[in-house]
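Observations on the model geometry
The lines below spell out each chain.
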Amino acid sequence: MKNLRKIIALFIGIFITGIIVTVVSINSTLKKEQPKEDSLKVVQDSTYLLKSEKKAV
């Protein structure tokens, strides 16, 4: 009975450690900054649209 309790405690410890590691890794990836290229692409796309509208009119 004592060995069974030790085994269960070991598995609970491993499970909790896995959850903590997963949460920390997910939070670290979510905190990364977005590259500035996204805003540059939006600007380039909008200037392309403005030029095409001027040509169409």
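Please refer to the structure higher up on the page.
Report follows, based on the coordinates. (Residues numbered from 1 in each chain as written. Predicted model: local features only at pLDDT ≥ 70, side-chain atom pairs only at ≥ 80, totals over all residues. Heavy atoms only, no water.)

1. Considering the overall build of the protein chain
Keep this limit in mind: By definition, any uninterrupted DSSP run of H or I lasting at least four residues is a helix, any uninterrupted run of E lasting at least two residues is a strand, and each is numbered from the N terminus. We call a residue buried when its accessible area falls under 20% of the maximum for its residue type, exposed when it is over 50%, and partly exposed in between, using a 1.4 Å probe and counting protein chains only. Surface accessibility follows the Shrake-Rupley procedure with a 1.4 Å probe radius. Residue values consider only the protein chains on display as shielding.
Summing up its helical and strand segments, the protein chain has 2 helices and 0 strands in all. Looking at the protein chain residue by residue over its 57 residues, the buried ones come to 0%. Total accessible area computed for the protein chain in this model is approximately 5,900 Å², and 68% of it derives from carbon and sulfur atoms.

2. Concerning a nonpolar patch on the surface
Spelled out, the test is: Candidate patch residues must exceed 30% relative accessible area and have no salt bridge, after which like charges are joined if within 9 Å and Val, Leu, Ile, Met, Phe, Trp or Tyr side chains if within 5 Å. Put simply, a salt bridge is a Lys or Arg side-chain nitrogen that is within 4 Å of an Asp or Glu carboxyl oxygen.
On the surface, a cluster of nonpolar side chains totalling about 1,000 Å² of accessible area is made up of Met-1, Leu-4, Ile-8, Ile-12, Phe-15, Ile-16, Ile-19, Ile-20, Val-23 and Val-24. For Val-23, the location among the structural elements is in helix 1 (residues 2–30). For Val-23, a relative accessible area of 43% gives the class partly exposed.

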